[in-house]
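# A closer look at the structure
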Amino acid sequence: MSAWTDIRDLIDRHDADSVAARVATLTADERREVAKQLPGRLKELRQLHDSWRGAGDHAEALRAAGAGTIESATSVASWLTRRGLIGARERVADSGRLLALVRRRDPAWQVTLAQELAGRLRGRDSSYELAAMLIRDTGIDPPDGDGFVAGWVAACVQERDVAAVLEADPLLDLLLPRVFRAQGVAEILQWENDPANSMSMLGGLCRLVERGRLDRQALLGECVARFLRGGTALELRFFVRLHHALQPASNEAFLRDYLCLLPVAPGPVAELALDHLREHDGFTPAELGEAWQALLFRPEKKLARAALGWLDRSARLSPSHREEAAVALMAAFAHPAYELQDRAVRLARRLGLVEAVSSAAHLLPPDLRRDFAASFPTPETAGGEDHEGPPHAASTGLALGDISPGDVGPGDVASSDVEPGGVASGGGRSGGGSPDTDPGGVAADDMRLAGGAATAGVAAGGLPLTGVVPGNAELAAPPVLPPMPPPLTTPGEIVATIERLTDPRDLSPMPEEWWLLPRREDIDPVLEWLLIERLMAALVTVAQPGDEGARDALSRVGRVGGDTPLAWITAACRDLATGHVPEFAMPTCAVGLDRLIMRRVAELRRALSRPGLPPVLLATPTRSSGHVDPGVLLARLEAVEAAGAEPLRADLQQALLRLPRRIDPADAARAARLGSEAGRVVAGWMAGDRPRVESSVRYMNDGRDHFTEAPLPGRVSFTSPVPWPDLAAQRWTGLDLIDGLFHEPQRYGYGRGRFAGWWAFVVPSDPEVAAAHLMPDFFYNGGLRSPGPVVLRGLAGADGGLGAACAVVLMSQLNHDDPGERGSVGDVLLSLAARGVLPGHELGDHLGRLVRIEQVMVTRAVPVLRELDRMGVDLWPVVAGALAWLIPAEGERPAAGLADLIALGVAGAHPDAVASVPGLAELAARKGSSRMIKEARRLVAMR
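Residues numbered from 1 in each chain as written. Predicted model: local features only at pLDDT ≥ 70, side-chain atom pairs only at ≥ 80, totals over all residues. Heavy atoms only, no water.

Going by what an unreviewed UniProt entry lists, the protein is known as DUF7824 domain-containing protein and is assigned to Nonomuraea soli.

## Concerning the overall build of the protein
Counting its secondary structure elements, the protein contains 45 helices and nine strands. By residue count, 53% of the 943 residues in the protein fall in the buried class. When contacts within the protein are restricted to residue pairs at least 6 apart in sequence, those whose partners lie at least 24 apart make up 73%. Surface accessibility of the protein: about 40,300 Å² in total, with carbon and sulfur atoms responsible for 50%. (Helix = DSSP H or I, 4+ residues; strand = E, 2+ residues; numbered from the N terminus. Buried < 20%, exposed > 50% of the residue type's maximum accessible area, 1.4 Å probe, protein only. Contact = heavy atoms within 4.5 Å. Areas by Shrake-Rupley, 256 points an atom, 1.4 Å probe, with all protein chains shown as cover.)

## Considerations on helix α5 (residues 73-80)
The set of residues buried in α5 consists of A73, V76, A77, W79 and L80. One face of α5 carries all of its buried residues, which in axial projection span an arc of 160 degrees. Here α5 starts with a cap whose side-chain oxygen sits 3.2 Å from the backbone nitrogen of T74, and that cap is S72. (Arc of directions from axis to C-beta. Polar contact = N/O pair within 3.5 Å; in protein donor to acceptor, adjacent residues only side chain to side chain.)

## Some remarks on the pattern of salt bridges
On inspection of all chains with the given rule, the structure shows 39 salt bridges. Ionic pairing is found between D651 and R600, a salt bridge with its closest N-O pair at 3.3 Å. Within this pair, whereas D651 is found in helix α31 (residues 649-657), its partner R600 is found in helix α29 (residues 594-608), the two being separated by 51 residues in sequence. Per residue, the accessibility class of D651 equals that of R600, and both read buried. For R931, the salt bridge identified is with D900, shortest N-O distance 2.6 Å. Of this pair, R931 sits in helix α45 (residues 931-940) while D900 sits in helix α43 (residues 898-908), and the two are 31 residues apart along the sequence. (Salt bridge = Lys/Arg side-chain N within 4 Å of Asp/Glu carboxyl O.)

## Observations regarding the layout of surface pockets
Estimated volume of the largest pocket: approximately 920 Å³. P299, P336, T859, P863 and R866 are, among the 34 residues lining the largest pocket, the residues nearest its centre. At the level of secondary structure, the elements contributing two or more residues to the lining of the largest pocket comprise α39 (819-834), α41 (858-870) and α43. The biggest single contributor to the lining of the largest pocket is α41, with nine residues. (1 Å grid on protein atoms, 1.4 Å probe; cavity = no way out; pocket = protein on both sides within 12 Å on 5 of 7 lines; lining within 4 Å. Points joined across faces, edges and corners; volume = space filled by probe spheres on them.)

## So, the nonpolar core
I494, L539, L847, W876, L883, L901 and L939 are the most contacted members of the largest nonpolar core, which has 154 residues in total. When residues of this core are assigned to their parent elements, the largest contribution, eleven residues, is made by helix α26 (residues 525-541). Counting the residues that make up this core, at least three belong to each of domain 1 (491-507 + 521-687) and domain 2 (693-730 + 745-941). Excluding its chain neighbours within four sequence positions, the residues that come into contact with L539 are I494, I569, A572, C573, L576, L604 and L608. Counting 135 residues, the second largest nonpolar core, distinct from the first, contains A20, V149, A270 and L329. (Core = buried A, V, L, I, M, F, W, Y, C linked by side-chain atoms within 4.5 Å. Domains from an automatic or database assignment.)

## Considering the packing of aromatic side chains
Tallied over the entire structure, the rule returns nine aromatic pairs. Seen in terms of ring centroids, F254 and Y258 are 6.4 Å apart; in terms of plane orientation they differ by 70 degrees. Their pairing is edge-to-face. Accessibility assignment for this pair places F254 and Y258 in one class, buried. On the numbers, 6.4 Å between centres and 65 degrees between planes, the contact of F283 with W310 is edge-to-face. Of the two residues, F283 is situated in the loop between α18 (267-277) and α19 (285-296) and W310 in helix α20 (residues 301-317); the sequence distance between them amounts to 27 residues. Of the two residues, F283 and W310, both sit in the buried class. Its end group placed over the ring of W191, R237 keeps NZ or CZ at 5.7 Å from the ring centre. Sitting over the face of the ring of W568, R605 holds its NZ or CZ atom 5.9 Å from the ring centroid. (Phe/Tyr/Trp six-rings, centres within 6.5 Å; stacked < 30°, edge-to-face > 60°. Lys NZ or Arg CZ within 6 Å of the ring centre and 35° of its normal.)

Quick look at the structure:
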């Protein structure tokens, strides 16, 4: 029996101690034989376990075998830290066993292993204990890597008396400063909050400070330096608590650093800095102004409120601070919180700074602008002195209270682009958009939404308020989609594009079980989809079978694994390079519109290796919105007919879905002259046979409509309210892939469509279809999952037809925790408004419903809507639709932020439509002085 047979049997019995004893008796040749067999045995064992568990119960035995037989110290370190061996969630406790084996090696070999192990550690690594033992045995300095520091911290906090362990550790003075810099430490210490707990790092450090072992001021300096290096609130949580626990005395050592933290530090850090700054009275006016402005530009109301209190106290105590106070108050006028704007107006009056801050009054909401205007002295109250500046308000016929950003009417639409078919692109607040408008073009259309002469805002007392109302508010759609990349014309361009989409480091030869999708993280997902489309088209037009030049070029394409379009395209490239003829197979686990995406690449791969390949693909988009120009599609069909070929089935159906809604009559007549079966299908589609898809959204709860209590038999039942789409085409088309998309989607269960970000580009003229298929995956464990900005960008390219399902998708993004992610909704809504296709009523209706079922918060929605209002978007339909659901009954607790939403309605209400909002008049008639009731009264007064 060979040595490997003995070791393998012991590994299979999970007997790590016996493995260690047996390898100690092996000869050099036997050790080499065992070391050679270990990787293969690991591969066999991993087939029995999932990737999270590694080798499971065999891990310790395998580690002992490797530590005792592998010759190189570097290779031993690689073996012991291998994730495929230990797994992501498993832990091993074999340091003593491994140390006994390692001590049999040469001292220089042990030093190398210690250095290699310490350099490979990552956070809570099972190999830390062995690395620490070897470092202490060999006497070398610990490495500079973060992993060893994180492992040291994790080991310390497992002890009952952390202070005693730290005090006895000879590495304390060397490693403690690194704790404040190392990545991964914050995750380990994030839950520590009690300085009295002896089993915590927080408690241990505080005890060492009390004993004089550590210097309080030095630790405070490390905390402040960590704050200045930046990080998230979670990453800095422990260091904020340590700073508080050290109870720093008031001193001037870190005052300048605290000032630097105010603008951008996470809220808890900024609050800590503010507490220390307010205790100091020796700031110069410039330093005070810097601090006030930094705090008032932050979104947190608590910090901004504290800044206004600090400003009030300082400006009243010292007249020299008035200039800086005026600048800070102008910043407060732009704060998103209404109550802070109101307080800033009152402070300006109290401190006599009304004239000094008048240039920023246009940032206030309409009612506060009226209050602010009343603060101006008239010529009579000012002692009859004349004021320099623009004419008195009476001479212009305008008063400050009569104008607001919402008071805009229909304006002229500037056509900045005309399509070949003679259709002008553009649209206004009251106009319709063109289906051929490309929102992903290089320049967006300028939309003039407000007319009338340019008039400066003038207060009732005659003092100018510059910028209260712009003369022509221009609304421009942001470039939410990239421009179309150029076609690929050579095999070399195909290879270069694949390399652009992949990370070459991941394309090196690897074992088959490690094949992964090597996608670049820094590439725009929409651009990625456009390049995939260009690759598919180029494989047909450029990489023809039998072309030796193309074969040589495509042989350089690397292997990409998985059921993804890129994987199938690279497989097709290898087929062309090798002459392989694949069988047709549909990718597995495709849901929703993923089926059509993957069906196209699958049929293309099969067709490339067989006779009858058409000379061109039909569905390659001509616009980054996903649309195909009708004239271009007809030219492609004519080329296919001239070659005597038939278009690919999925490609033909995708081309139909990408046609715009409005077809030029000349193109319809041209299509009627086509003679093939595919040509007749396209001609019928262009002539008006395209079915109309009806969509709606119900909120299901236990098999019933949540809002109407109507039973919904035969449908999926949910235990909490969930928006569920109803989708049905006017008729069946006989085209299987299209008919499958144009009817109610199934519930996908766990996991979403892998390419959901591309779905809107599959059906750019039917955005409700894409949205309806996205919705089944929105709710997971009773919570709303945000669709993501890529999905929203796809909807931004729609040429109309946005309804209830699109509204739910758009409003669901307002549920995201990140304000930046929520802001992506604003870009899309601005783009839709610029083209006149914003579904305002549906957006408001479903915003109100989602708030009612506690899946979206008004406080998250209002800042986005307020920014759109400032840009000139007509938001009254959105506000009115939401208020219909959100006005509380008598005694009912209103949704947080409802007063802000009503105030937004005051800014842009349609006076003749105010009375149609149900419950608004009753709310305004209630007794009380809450801001919600005040805003309701202002809104009702506009009738």
